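Survey of secondary and tertiary structure
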Amino acid sequence: MGRSGDLPRGVSRFLAGEDGWPDDTGCPVLHVDMDAFYASVELRERPELRNRPVVVAGAGRRGVVLSANYPARRFGVRSAMPAARAMRLCPQAVFLPPHFRAYQEVSRGVMAIFRSITPLVEPLSLDEAFLDVGGALRRLRATPGEIGQQIRRRVAAEHGVTCSVGVASTKFVAKLASGMAKPDGMIVVPHAETLEFLHPLPVSALFGVGRRTAERLAQLGLATVADVAATPLSRLRRAVGGAAAEHLHALARGHDPRPVVPDAAEKSVGAEQTFAVDHHDRDVLRRELLRVAERTGAALRARRLRGRTVSIKVRYADFGTITRSRTLPVATDLTHEIYRTARQLLDEQVPPGAVRLLGVRVEQLTGEGGSGEQLVLDDETAGWREAEAAADHVRSLFGSSAVRPASLLPHADDGDV
């Protein structure tokens with residue numbers, strides 16, 4: 001359960017406990033957020049590390065923190081922090097490389113639990129989603145809070161990870177509540193008490209308030225959500241602009257009309273790799289490009305998507321970044337074709353230099369069969385689909401390293417044999 005001592009003043013009474021939770025009538029919106037998701041998935045296979053600080057990060061000291069468990073967070077380690085800084089803050093932490101296929105598999109299972117309850121599921125990322133359970137209450141003979149507890153129990157029992165749940169009448173308040181319930185807790189904000197929940201909170205709790213906006217509000221003497229709600233719109237507009245003022249004023253008064261939008265279509269699928277050392281060698285870059293293209297193709301096939309536009313991102317040692325793209329005649333999910341296009345872009349349109357990051361992304365997505373597949377005599381891709389599907393199956397059984405392109409096998413000069 002979430003720890004009431006960590007909650008803002010007055011919020012602990014909204015926390016669900018063994019004795020129940022506040023009235024959830026009129027609260028059909030749930031926000032479910034997995035707790036330290038990547039780290040939690042890793043700890044399923046390494047239970048001996050559960051009480052130690054654990055950080056999931058890519059590319060050694062040059063990468064960024066993707067996830068940190070709660071013992072690591074007590075040292076100030078946070079997601080998106082440079083891994084080198086995390087090492088300084090918590091040198092005793094165990095640093096683990098990410099395994100995205102495992103995270104995607106757990107995410108699919110968790111989202112399937114959500115969809116078994118309601119078709120109104122709006123995923124925000126692999127590890128969080130909004131649910132509108134209003135239409136499921138009669139069928140399940142349950143209240144929103146009971147459904148929230150059922151979700152928490154099923155996620156833990158079926159996938160070995162925990163989640164936190166916010167239950168409220170609006171998306172904004174539900175998301176705030178789930179964040180305060182962490183880790184492994186649930187907060188229910190009764191519809192009639194929405195303002196009592198919101199108004200004591202600092203202005204930074206309002207969606208869209210970053211450091212600069214908070215500073216402008218502080219200059220007006222506005223420290224809490226209640227202060228923003230009580231401030232005339234005309235005064236807010238002078239401080240933060242018209243659109244932002246109306247947005248913040250509405251949220252501060254508990255207004256958020258946004259519905260839960262099920263399964264918003266993905267706009268792109270891709271992967272990136274930050275290198276431990278900068279690379280000039282084009283052969284090395286082509287090899288790493290293949291590695292990233294393979295992850296991108298596998299992600300497309302797992303989602304049953306294809307795309308027409310292939311783009312690459314190249315970030316140099318000085319953090320200068322360029323992107324280049326090319327649109328194909330027919331949508332694809334084949335690693336072979338994605339890599340061939342990405343390599344052409346690298347060879348033909350990317351100036352030489354010391355590269356610290358490579359990325360591949362596929363856009364203009366459609367579902368399998370969503371756009372007509374052109375049939376061509378002597379099709380160069382013939383056989384690739386079957387081969388890559390077979391490789392996907394083997395990797396799903398034996399791990400991501402079970403099958404690789406030959407050029408990605410360890411070389412003697414890699415020190416990895």
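Values in this document were obtained by computation on a predicted structure and should not be read as measured data.

Turning our attention to the pattern of salt bridges. For side chains bearing opposite charge, pairing can occur when the charged atoms are close. Throughout the structure, instances matching the rule amount to 19 salt bridges. One salt bridge in this structure joins Glu348 and Arg326, with 3.1 Å as the shortest N-O distance. With Glu348 in helix H14 (residues 335-349) and Arg326 in strand E11 (residues 321-332), this pair connects stretches of sequence that are 22 residues apart. When its relative accessible area of 54% is taken as the criterion, Glu348 is described as exposed. Sharing partners across several salt bridges, the network here consists of Asp283, Arg286, Arg343 and Asp347.

As summarised here, the arrangement of the 3 strands in space is E3-E2-E4, forming an open sheet in which the pairing is mixed. The open sheet has two edge strands with one neighbour each: strand E3 (65-68) and strand E4 (94-96). On average, each strand axis in the sheet is tilted by 25° relative to the strand beside it, whichever way the strands run. Docked against the sheet, helix H1 (residues 37-45) engages strand E2 (54-57), E3 and E4, running at close to 65° with respect to E3.

Attention now goes to the packing of helix H13 (residues 282-303) against H14. The packing of two helices is summarised by the inter-axis angle and the distance between the axes. Closest axis-to-axis distance for the H13/H14 pair is 8 Å, and the angle between their directions is 140°. H13 and H14 meet at a crossing whose hand is right-handed. Taken together, the residues of H14 that come into contact with H13 (itself represented by Arg282, Leu285, Arg286, Leu289, Leu290, Ala293, Glu294, Gly297, Ala298, Leu300 and Arg301) are Thr335, Ile338, Tyr339, Ala342, Arg343, Leu346 and Asp347. Of the residues in the contact of H13 with H14, the class split is 10 nonpolar, 2 polar and 6 charged.

Cis geometry marks the peptide bond from Lys182 to Pro183; its omega dihedral reads -10°. Of note in this structure, Arg141 is not a glycine but carries a positive phi near 50°. Along the chain, Arg141 falls in the loop between helix H5 (137-140) and helix H6 (144-159). Note on Arg141: relative accessible area 78%, which makes it exposed. A positive phi angle, near 50°, is found at Gln364, a position not held by glycine. Here Gln364 lies in strand E12 (residues 355-367).

The next thing to look at is the nonpolar core. By size, the foremost hydrophobic cluster in this structure holds 36 residues, and its most contacted members are Ile187, Phe197, Leu198, Leu201, Leu206, Leu217 and Val228. Put simply, the parts of the chain that give this core at least two residues each are helix H7 (171-181), helix H8 (194-198), helix H10 (225-230), helix H11 (233-240) and helix H12 (242-252). The element contributing the most residues to this core is H7, with 7 residues. Residues in contact with Leu206, not counting those within four places in the same chain, are Phe172, Val225, Val228, Leu248, Leu251 and Ala252.

Given 3.6 residues per helical turn, the α-helix brings residues three or four places apart onto the same face. H7 sits mainly inside the fold: 9 of its 11 residues count as buried. Taken residue by residue, H7 has Lys171, Phe172, Val173, Ala174, Leu176, Ala177, Ser178, Met180 and Ala181 as its buried positions.

Summed over all chains, the structure comprises 6 aromatic pairs. Here Phe14 and Phe197 contribute two aromatic rings whose centre-to-centre distance is 5.4 Å and whose plane-to-plane angle is 90°, an arrangement assigned as edge-to-face. Pair noted here: Phe14 is in the segment before strand E1 (29-34) and Phe197 is in helix H8, with a separation of 183 residues, a long-range link. Each member of the pair, Phe14 as well as Phe197, is classed as buried.

Here the focus is the sheet that holds strand E7 (residues 163-168). The sheet built from 5 strands is open, its strands ordered E5-E6-E1-E7-E8 with mixed pairing. Edge positions in the open sheet fall to strand E5 (121-125) and strand E8 (186-188), since each of these has one partner strand only. Taking the axes of each pair of neighbouring strands and ignoring which way they run, one obtains an average angle of 15° across the sheet. Here E7 runs beside E8; their pairing, made up of 3 bridges, is parallel. Of the residues in E8, the one forming a bridge with Val167 is Val188. Lying on the sheet, H7 is in contact with E1, E5, strand E6 (128-132), E7 and E8; it crosses E7 at an angle near 145°.

Turning next to the confidence of the model for the protein. Taken as a whole, the protein shows an average pLDDT of 86; of its residues, 85% reach a score of 70 or greater. Scored below 50 in pLDDT, residues 371-379 shows 7 contacts in the model against residues more than four places distant or in partner chains. Across residues 411-417, confidence stays below pLDDT 50; counting only partners more than four residues off in sequence or on other chains, it has 7 contacts.

As for its position among the elements, Ser116 is in helix H4 (residues 100-117). The residues contacting Ser116, other than those within four sequence positions of it, are Arg139 and Arg154. For Ser116, the side chain forms a polar contact with the side chain of Arg154, separated by 3.1 Å.

Procedures and definitions
Residues numbered from 1 in each chain as written. Predicted model: local features only at pLDDT ≥ 70, side-chain atom pairs only at ≥ 80, totals over all residues. Heavy atoms only, no water. Salt bridge = Lys/Arg side-chain N within 4 Å of Asp/Glu carboxyl O. Helix = DSSP H or I, 4+ residues; strand = E, 2+ residues; numbered from the N terminus. Buried < 20%, exposed > 50% of the residue type's maximum accessible area, 1.4 Å probe, protein only. Pairing = 2+ DSSP bridges. Axes fitted to C-alpha atoms, helices over the stretch in contact; angles between N-to-C directions. Contact = heavy atoms within 4.5 Å. Left-handed = near helix turned anticlockwise from the far one by under 90°. Nonpolar A, V, L, I, M, F, W, Y, C, P; charged D, E, K, R; others polar. Core = buried A, V, L, I, M, F, W, Y, C linked by side-chain atoms within 4.5 Å. Phe/Tyr/Trp six-rings, centres within 6.5 Å; stacked < 30°, edge-to-face > 60°. pLDDT = per-residue confidence, 0-100. Polar contact = N/O pair within 3.5 Å; in protein donor to acceptor, adjacent residues only side chain to side chain.

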